[in-house]
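# Fold and geometry: a report
If you want the building blocks of each chain, they are given just below.
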Amino acid sequence: MNTKLNLQGRDFLKLLDFTGAEIEGLVSLSAELKAMKKAGVPHRYCEGKNIALIFEKTSTRTRCSFEVAARDLGMGVTYLDPQGSQIGKKESIADTARVLSSMFEGIEYRGYGQEIVEELAHYAAVPVWNGLTSEAHPTQIIADLLTMREHFGHLRGLNFVYMGDARYNMGNSLMVGCAKVGVNFTACCPEKYFPDAKLIAACEGFAKESGATLRFETDPAAAVKGADVIYTDVWVSMGEPVEVWEERINDLAPYQVNAALMRKTGKDETVFMHCLPAYHDLKTQVGKEMGEKFGREAMEVTDEVFESAQSIVFDEAENRMHSIKAVMLSTLENLQ
Ligand code: CP
Ligand code: NVA
(Lines give C-alpha, C1' and ligand atoms only; values in the text may rest on other atoms or scores of the structure.)
(Ligands and ions follow the chains in the order given, each with its own letter.)
Protein backbone atom coordinates (compact mmCIF):
# COMPACT_ATOMS: atom_id res chain seq x y z
CA MET A 1 0.00 0.00 0.00
CA ASN A 2 1.17 3.57 -0.63
CA THR A 3 -0.59 4.82 2.50
CA LYS A 4 1.70 4.25 5.45
CA LEU A 5 -0.45 3.84 8.50
CA ASN A 6 0.26 1.68 11.49
CA LEU A 7 -2.79 1.15 13.64
CA GLN A 8 -2.13 -2.57 14.03
CA GLY A 9 -3.74 -3.99 17.16
CA ARG A 10 -5.72 -0.80 17.89
CA ASP A 11 -9.47 -0.71 18.50
CA PHE A 12 -11.64 1.69 16.49
CA LEU A 13 -14.19 2.85 19.08
CA LYS A 14 -14.40 6.63 18.65
CA LEU A 15 -12.55 9.35 16.75
CA LEU A 16 -11.42 10.95 20.03
CA ASP A 17 -8.85 8.11 20.23
CA PHE A 18 -7.19 9.09 16.92
CA THR A 19 -5.12 12.04 15.75
CA GLY A 20 -6.12 14.18 12.79
CA ALA A 21 -3.22 12.64 10.82
CA GLU A 22 -4.45 9.12 11.59
CA ILE A 23 -8.00 10.04 10.53
CA GLU A 24 -6.68 11.53 7.28
CA GLY A 25 -4.51 8.43 6.84
CA LEU A 26 -7.64 6.28 7.05
CA VAL A 27 -9.32 8.49 4.43
CA SER A 28 -6.31 8.08 2.12
CA LEU A 29 -6.20 4.34 2.67
CA SER A 30 -9.93 4.14 1.88
CA ALA A 31 -9.31 6.01 -1.40
CA GLU A 32 -6.46 3.67 -2.28
CA LEU A 33 -8.53 0.57 -1.57
CA LYS A 34 -11.43 2.03 -3.56
CA ALA A 35 -9.15 2.58 -6.57
CA MET A 36 -7.87 -1.00 -6.30
CA LYS A 37 -11.41 -2.37 -6.17
CA LYS A 38 -12.47 -0.29 -9.20
CA ALA A 39 -9.41 -1.47 -11.15
CA GLY A 40 -10.08 -5.10 -10.25
CA VAL A 41 -6.77 -5.39 -8.35
CA PRO A 42 -7.06 -8.15 -5.72
CA HIS A 43 -6.28 -7.08 -2.16
CA ARG A 44 -6.64 -10.18 0.00
CA TYR A 45 -4.22 -8.85 2.63
CA CYS A 46 -6.03 -10.59 5.50
CA GLU A 47 -6.34 -14.02 3.88
CA GLY A 48 -7.31 -16.74 6.34
CA LYS A 49 -8.51 -14.38 9.09
CA ASN A 50 -12.06 -14.36 10.49
CA ILE A 51 -14.21 -11.61 11.98
CA ALA A 52 -17.42 -11.54 14.04
CA LEU A 53 -20.14 -8.93 13.51
CA ILE A 54 -22.41 -8.24 16.48
CA PHE A 55 -25.52 -6.21 15.67
CA GLU A 56 -27.84 -5.34 18.55
CA LYS A 57 -29.51 -2.74 16.28
CA THR A 58 -30.50 -3.21 12.64
CA SER A 59 -28.36 -2.15 9.66
CA THR A 60 -28.12 -2.17 5.88
CA ARG A 61 -24.96 -0.21 5.00
CA THR A 62 -22.73 -1.06 7.94
CA ARG A 63 -23.41 -4.77 7.91
CA CYS A 64 -23.05 -5.08 4.13
CA SER A 65 -19.90 -2.97 4.21
CA PHE A 66 -18.23 -5.13 6.85
CA GLU A 67 -19.24 -8.31 5.04
CA VAL A 68 -18.13 -7.26 1.54
CA ALA A 69 -14.96 -5.56 2.80
CA ALA A 70 -14.02 -8.64 4.82
CA ARG A 71 -14.53 -10.92 1.81
CA ASP A 72 -12.48 -8.60 -0.44
CA LEU A 73 -9.68 -8.79 2.14
CA GLY A 74 -9.87 -12.60 2.13
CA MET A 75 -11.59 -13.00 5.49
CA GLY A 76 -14.44 -15.15 6.74
CA VAL A 77 -17.41 -13.46 8.46
CA THR A 78 -19.85 -14.59 11.17
CA TYR A 79 -22.92 -12.38 11.72
CA LEU A 80 -24.67 -12.34 15.09
CA ASP A 81 -28.06 -10.66 14.79
CA PRO A 82 -29.98 -8.82 17.54
CA GLN A 83 -31.60 -12.10 18.60
CA GLY A 84 -28.92 -14.57 17.59
CA SER A 85 -26.42 -14.31 20.43
CA GLN A 86 -26.32 -14.63 24.20
CA ILE A 87 -24.69 -11.21 24.67
CA GLY A 88 -25.99 -9.24 27.60
CA LYS A 89 -28.88 -11.64 28.12
CA LYS A 90 -27.21 -14.89 29.17
CA GLU A 91 -23.54 -13.97 28.88
CA SER A 92 -21.68 -10.87 30.03
CA ILE A 93 -19.80 -8.57 27.66
CA ALA A 94 -16.53 -9.58 29.31
CA ASP A 95 -17.13 -13.30 28.77
CA THR A 96 -18.34 -12.76 25.20
CA ALA A 97 -15.19 -10.76 24.43
CA ARG A 98 -12.92 -13.55 25.65
CA VAL A 99 -14.82 -16.28 23.81
CA LEU A 100 -14.89 -14.40 20.50
CA SER A 101 -11.21 -13.43 20.83
CA SER A 102 -10.29 -17.12 20.77
CA MET A 103 -11.97 -17.65 17.39
CA PHE A 104 -11.81 -14.35 15.53
CA GLU A 105 -9.11 -11.82 14.59
CA GLY A 106 -11.50 -8.86 14.88
CA ILE A 107 -14.95 -8.00 16.29
CA GLU A 108 -17.45 -5.40 15.09
CA TYR A 109 -20.11 -4.20 17.54
CA ARG A 110 -23.27 -2.11 16.89
CA GLY A 111 -25.51 -1.40 19.83
CA TYR A 112 -26.59 0.99 22.54
CA GLY A 113 -24.25 2.68 25.03
CA GLN A 114 -20.66 3.53 24.12
CA GLU A 115 -19.62 1.94 27.43
CA ILE A 116 -20.65 -1.47 26.03
CA VAL A 117 -18.29 -1.34 23.07
CA GLU A 118 -15.57 0.08 25.34
CA GLU A 119 -16.02 -2.84 27.74
CA LEU A 120 -16.01 -5.34 24.90
CA ALA A 121 -12.73 -3.86 23.67
CA HIS A 122 -11.26 -3.87 27.16
CA TYR A 123 -11.74 -7.63 27.50
CA ALA A 124 -11.12 -8.59 23.86
CA ALA A 125 -7.63 -9.63 22.79
CA VAL A 126 -8.31 -8.57 19.18
CA PRO A 127 -9.30 -5.23 17.58
CA VAL A 128 -12.90 -4.14 18.22
CA TRP A 129 -14.62 -1.82 15.70
CA ASN A 130 -17.57 0.40 16.63
CA GLY A 131 -20.32 -0.07 14.03
CA LEU A 132 -22.52 2.57 15.80
CA THR A 133 -23.46 3.31 19.37
CA SER A 134 -25.88 5.94 20.63
CA GLU A 135 -22.90 8.26 21.22
CA ALA A 136 -20.64 7.62 18.23
CA HIS A 137 -20.54 6.38 14.63
CA PRO A 138 -16.86 6.65 13.76
CA THR A 139 -16.70 4.48 10.60
CA GLN A 140 -19.41 6.70 9.05
CA ILE A 141 -17.21 9.76 9.46
CA ILE A 142 -14.27 8.22 7.57
CA ALA A 143 -16.69 7.59 4.67
CA ASP A 144 -18.08 11.12 4.94
CA LEU A 145 -14.62 12.71 4.90
CA LEU A 146 -13.64 10.53 1.93
CA THR A 147 -16.78 11.63 0.07
CA MET A 148 -16.05 15.30 0.81
CA ARG A 149 -12.41 14.96 -0.23
CA GLU A 150 -13.41 13.25 -3.48
CA HIS A 151 -15.94 15.97 -4.21
CA PHE A 152 -13.95 19.08 -3.28
CA GLY A 153 -10.40 17.77 -3.70
CA HIS A 154 -9.46 18.75 -0.13
CA LEU A 155 -10.86 18.88 3.41
CA ARG A 156 -9.12 21.72 5.22
CA GLY A 157 -11.16 24.92 5.29
CA LEU A 158 -14.43 23.44 4.02
CA ASN A 159 -17.55 24.83 5.72
CA PHE A 160 -19.67 21.99 7.08
CA VAL A 161 -23.11 22.51 8.62
CA TYR A 162 -24.95 19.83 10.55
CA MET A 163 -28.71 20.41 10.85
CA GLY A 164 -30.77 18.55 13.47
CA ASP A 165 -30.17 16.62 16.68
CA ALA A 166 -26.46 17.33 17.27
CA ARG A 167 -26.27 15.52 20.62
CA TYR A 168 -26.49 12.03 19.18
CA ASN A 169 -24.02 9.72 17.42
CA MET A 170 -23.79 11.58 14.10
CA GLY A 171 -23.58 15.10 15.50
CA ASN A 172 -20.94 14.05 18.04
CA SER A 173 -18.75 12.11 15.64
CA LEU A 174 -18.97 14.64 12.82
CA MET A 175 -17.96 17.43 15.22
CA VAL A 176 -14.91 15.48 16.43
CA GLY A 177 -13.90 14.38 12.92
CA CYS A 178 -14.24 17.86 11.41
CA ALA A 179 -12.42 19.55 14.30
CA LYS A 180 -9.52 17.09 14.05
CA VAL A 181 -8.97 17.41 10.29
CA GLY A 182 -9.51 21.15 9.90
CA VAL A 183 -13.08 21.28 8.55
CA ASN A 184 -15.11 24.24 9.89
CA PHE A 185 -18.04 22.73 11.78
CA THR A 186 -21.38 24.35 12.56
CA ALA A 187 -24.20 22.61 14.42
CA CYS A 188 -27.61 24.17 13.84
CA CYS A 189 -30.55 23.24 16.08
CA PRO A 190 -32.37 24.44 19.19
CA GLU A 191 -29.94 24.83 22.11
CA LYS A 192 -31.16 21.73 23.89
CA TYR A 193 -29.88 19.63 20.95
CA PHE A 194 -26.33 21.06 21.07
CA PRO A 195 -23.63 18.46 21.83
CA ASP A 196 -22.45 17.82 25.37
CA ALA A 197 -20.45 20.77 26.78
CA LYS A 198 -17.45 18.58 27.67
CA LEU A 199 -17.25 17.20 24.13
CA ILE A 200 -17.51 20.72 22.73
CA ALA A 201 -14.64 21.82 24.98
CA ALA A 202 -12.47 18.93 23.76
CA CYS A 203 -13.31 19.75 20.14
CA GLU A 204 -12.42 23.40 20.68
CA GLY A 205 -8.92 22.17 21.54
CA PHE A 206 -8.73 20.01 18.40
CA ALA A 207 -10.06 22.85 16.26
CA LYS A 208 -7.40 25.20 17.61
CA GLU A 209 -4.72 22.71 16.60
CA SER A 210 -6.13 21.99 13.13
CA GLY A 211 -7.16 25.56 12.32
CA ALA A 212 -10.88 24.72 12.13
CA THR A 213 -13.70 26.80 13.56
CA LEU A 214 -16.62 25.49 15.64
CA ARG A 215 -20.00 27.24 15.73
CA PHE A 216 -23.33 26.52 17.39
CA GLU A 217 -26.29 28.27 15.81
CA THR A 218 -30.02 28.29 16.36
CA ASP A 219 -30.80 30.29 13.20
CA PRO A 220 -30.72 28.14 10.01
CA ALA A 221 -30.19 31.08 7.64
CA ALA A 222 -27.17 32.32 9.60
CA ALA A 223 -25.76 28.79 9.95
CA VAL A 224 -25.79 27.82 6.29
CA LYS A 225 -24.41 31.04 4.80
CA GLY A 226 -21.28 30.03 2.88
CA ALA A 227 -21.75 26.31 3.58
CA ASP A 228 -20.00 23.80 1.31
CA VAL A 229 -21.78 20.83 2.89
CA ILE A 230 -25.19 20.63 4.54
CA TYR A 231 -25.62 17.40 6.46
CA THR A 232 -28.55 15.98 8.37
CA ASP A 233 -29.64 12.76 10.07
CA VAL A 234 -32.94 11.28 11.24
CA TRP A 235 -34.72 13.17 14.04
CA VAL A 236 -35.41 9.96 15.96
CA SER A 237 -32.60 7.42 16.16
CA MET A 238 -32.64 3.65 16.56
CA GLY A 239 -33.47 2.60 20.09
CA GLU A 240 -35.36 5.83 20.95
CA PRO A 241 -39.00 5.48 21.99
CA VAL A 242 -41.66 6.21 19.41
CA GLU A 243 -43.20 8.81 21.76
CA VAL A 244 -40.36 11.27 21.08
CA TRP A 245 -41.44 11.80 17.45
CA GLU A 246 -43.93 14.53 18.31
CA GLU A 247 -41.46 16.61 20.30
CA ARG A 248 -38.72 16.14 17.70
CA ILE A 249 -40.97 17.19 14.84
CA ASN A 250 -42.05 20.28 16.77
CA ASP A 251 -38.48 21.17 17.71
CA LEU A 252 -36.65 20.25 14.53
CA ALA A 253 -39.11 21.03 11.70
CA PRO A 254 -37.59 24.53 11.28
CA TYR A 255 -34.25 22.79 10.70
CA GLN A 256 -35.41 20.58 7.82
CA VAL A 257 -33.08 20.63 4.82
CA ASN A 258 -35.20 21.89 1.92
CA ALA A 259 -34.57 23.73 -1.34
CA ALA A 260 -35.07 27.14 0.28
CA LEU A 261 -32.39 26.35 2.87
CA MET A 262 -29.97 25.03 0.22
CA ARG A 263 -30.34 28.36 -1.65
CA LYS A 264 -29.48 30.32 1.49
CA THR A 265 -25.86 29.11 1.37
CA GLY A 266 -25.25 31.63 -1.43
CA LYS A 267 -23.16 28.99 -3.24
CA ASP A 268 -24.24 26.83 -6.20
CA GLU A 269 -21.67 24.17 -5.31
CA THR A 270 -23.09 23.29 -1.87
CA VAL A 271 -23.68 19.54 -1.49
CA PHE A 272 -26.19 17.66 0.60
CA MET A 273 -25.09 14.66 2.70
CA HIS A 274 -26.89 12.21 5.00
CA CYS A 275 -25.62 9.02 6.64
CA LEU A 276 -28.90 7.28 5.62
CA PRO A 277 -31.43 5.83 6.06
CA ALA A 278 -33.48 9.02 5.47
CA TYR A 279 -37.14 9.97 5.81
CA HIS A 280 -37.33 12.02 2.59
CA ASP A 281 -40.73 10.71 1.51
CA LEU A 282 -43.53 8.47 2.75
CA LYS A 283 -42.20 5.30 1.11
CA THR A 284 -41.07 3.69 4.36
CA GLN A 285 -43.24 2.16 7.06
CA VAL A 286 -42.15 4.60 9.76
CA GLY A 287 -42.02 7.59 7.38
CA LYS A 288 -45.57 6.91 6.22
CA GLU A 289 -46.93 6.33 9.71
CA MET A 290 -45.34 9.45 11.19
CA GLY A 291 -45.91 11.54 8.06
CA GLU A 292 -49.62 10.78 8.08
CA LYS A 293 -49.91 11.24 11.84
CA PHE A 294 -48.22 14.64 11.83
CA GLY A 295 -49.30 15.82 8.36
CA ARG A 296 -45.83 15.90 6.77
CA GLU A 297 -44.49 14.70 3.41
CA ALA A 298 -40.94 14.39 4.65
CA MET A 299 -38.97 14.76 7.85
CA GLU A 300 -35.33 15.88 8.06
CA VAL A 301 -34.88 16.42 4.29
CA THR A 302 -37.32 16.98 1.45
CA ASP A 303 -37.47 14.55 -1.44
CA GLU A 304 -36.57 17.45 -3.74
CA VAL A 305 -33.19 17.99 -2.05
CA PHE A 306 -32.54 14.28 -1.54
CA GLU A 307 -33.05 13.58 -5.26
CA SER A 308 -31.33 16.76 -6.49
CA ALA A 309 -27.98 16.99 -8.30
CA GLN A 310 -26.56 18.52 -5.11
CA SER A 311 -27.19 15.31 -3.18
CA ILE A 312 -24.16 13.00 -2.91
CA VAL A 313 -25.74 10.54 -0.48
CA PHE A 314 -25.24 7.44 -2.61
CA ASP A 315 -21.52 8.13 -3.18
CA GLU A 316 -21.37 8.54 0.59
CA ALA A 317 -23.12 5.19 1.13
CA GLU A 318 -20.76 3.38 -1.24
CA ASN A 319 -17.80 4.87 0.60
CA ARG A 320 -18.87 3.10 3.79
CA MET A 321 -17.53 -0.12 2.31
CA HIS A 322 -14.16 1.30 1.24
CA SER A 323 -13.62 3.08 4.56
CA ILE A 324 -14.63 0.12 6.71
CA LYS A 325 -12.16 -1.93 4.68
CA ALA A 326 -9.47 0.63 5.53
CA VAL A 327 -10.34 0.50 9.24
CA MET A 328 -10.13 -3.29 9.32
CA LEU A 329 -6.97 -3.55 7.21
CA SER A 330 -5.05 -0.90 9.15
CA THR A 331 -5.91 -2.35 12.56
CA LEU A 332 -5.26 -5.96 11.54
CA GLU A 333 -2.02 -5.54 9.52
CA ASN A 334 1.12 -3.44 9.73
CA LEU A 335 1.09 -1.18 6.67
CA GLN A 336 4.38 0.62 7.43
N1 CP B 1 -25.42 4.83 7.85
C2 CP B 1 -25.59 3.64 8.46
O3 CP B 1 -24.93 3.29 9.44
O4 CP B 1 -26.52 2.85 7.87
P5 CP B 1 -27.06 1.45 8.43
O6 CP B 1 -27.84 1.74 9.68
O7 CP B 1 -27.90 0.91 7.31
O8 CP B 1 -25.88 0.56 8.73
N1 NVA C 1 -28.64 8.58 14.34
C2 NVA C 1 -28.98 7.42 13.54
C3 NVA C 1 -27.85 7.05 12.64
C4 NVA C 1 -28.12 5.87 11.73
C5 NVA C 1 -26.95 5.54 10.86
C6 NVA C 1 -29.33 6.27 14.48
O7 NVA C 1 -28.61 6.06 15.47
O8 NVA C 1 -30.33 5.59 14.24
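Because the structure is predicted, anything quoted here is derived from the model rather than measured. The written sequence of each chain sets the order in which its residues are numbered from 1. Lettering of chains starts at A and numbering of ligands starts at 1, both following the order in which they are written. With pLDDT at 70 or above as the cut-off, local features in this predicted model cover only qualifying residues; side-chain atom pairs require 80 or more to be listed or tallied, and sums for whole chains, interfaces and linings still use all residues. Side-chain metrics rest on all non-hydrogen atoms present in the structure, leaving aside hydrogens and water.

Next up on the list: the overall build of the chain. Secondary structure assignment for the chain yields 13 helices and nine strands. As defined in this context, the radius of gyration uses C-alpha atoms, and a globule is described by 2.2 Å times the residue total to the power 0.38. For the chain, whose C-alpha radius of gyration is 19 Å, the value lies close to the compact-globule estimate of 20 Å for 336 residues. The cut-offs for exposure are 20% and 50% of the maximum accessible area for each residue type, with area from a 1.4 Å probe on protein chains only; residues under the lower value are buried, those over the upper are exposed, and the others partly exposed. By the burial criterion, 59% of the 336 residues in the chain qualify as buried. Within the chain, counting contacts between residues at least 6 apart in sequence, those at least 24 apart form 76% of the total. Residue-level accessible areas treat just the shown protein chains as cover; the underlying method is Shrake-Rupley with a 1.4 Å probe. Working note: accessible area of the chain is about 13700 Å², and carbon and sulfur atoms make up 50% of it. Counted as positive: Lys and Arg. Counted as negative: Asp and Glu. His and the chain ends are not counted at all. For this purpose, a charge sits on NZ of Lys, CZ of Arg, CG of Asp or CD of Glu. Of note, the chain has its 35 positive side-chain charges centred 3 Å away from the centre of its 48 negative side-chain charges. What counts as a helix is a DSSP run of H or I of at least four residues, what counts as a strand is a run of E of at least two, and both are numbered from the N terminus. Throughout, a residue-residue contact means that at least one pair of heavy atoms, one from each residue, lies within 4.5 Å.

All axes are obtained by fitting lines to C-alpha atoms, using only the stretch in contact for helices, and the reported angles, taken between N-to-C directions, cover 0 to 180 degrees. In the contact formed by helix H1 (residues 20-39) and helix H13 (residues 313-332), the axes pass within 8 Å of each other and the chain directions differ by 115 degrees. Considering their axes alone, H1 and H13 lie roughly perpendicular with respect to each other. The handedness of the crossing between H1 and H13 comes out as right-handed. Residues Leu26, Leu29, Ser30, Leu33, Lys34, Lys37 and Lys38 of H1 pack against Glu318, Asn319, Met321, His322, Ser323, Lys325, Ala326, Val327, Leu329 and Ser330 of H13. Note that Gly is not counted as nonpolar here; it falls among the polar residues with everything else outside the nonpolar set of Ala, Val, Leu, Ile, Met, Phe, Trp, Tyr, Cys and Pro and the charged set of Asp, Glu, Lys and Arg. Here the contact of H1 with H13 is built from residues that sort into seven nonpolar, five polar and five charged. Note that the term roughly parallel is reserved for angles under 35 degrees, roughly antiparallel for angles over 145, roughly perpendicular for angles of 65 to 115, and oblique for everything else. In this scheme, a crossing is called left-handed if the near helix is turned counterclockwise away from the far one by less than a right angle; it is called right-handed if the turn is clockwise.

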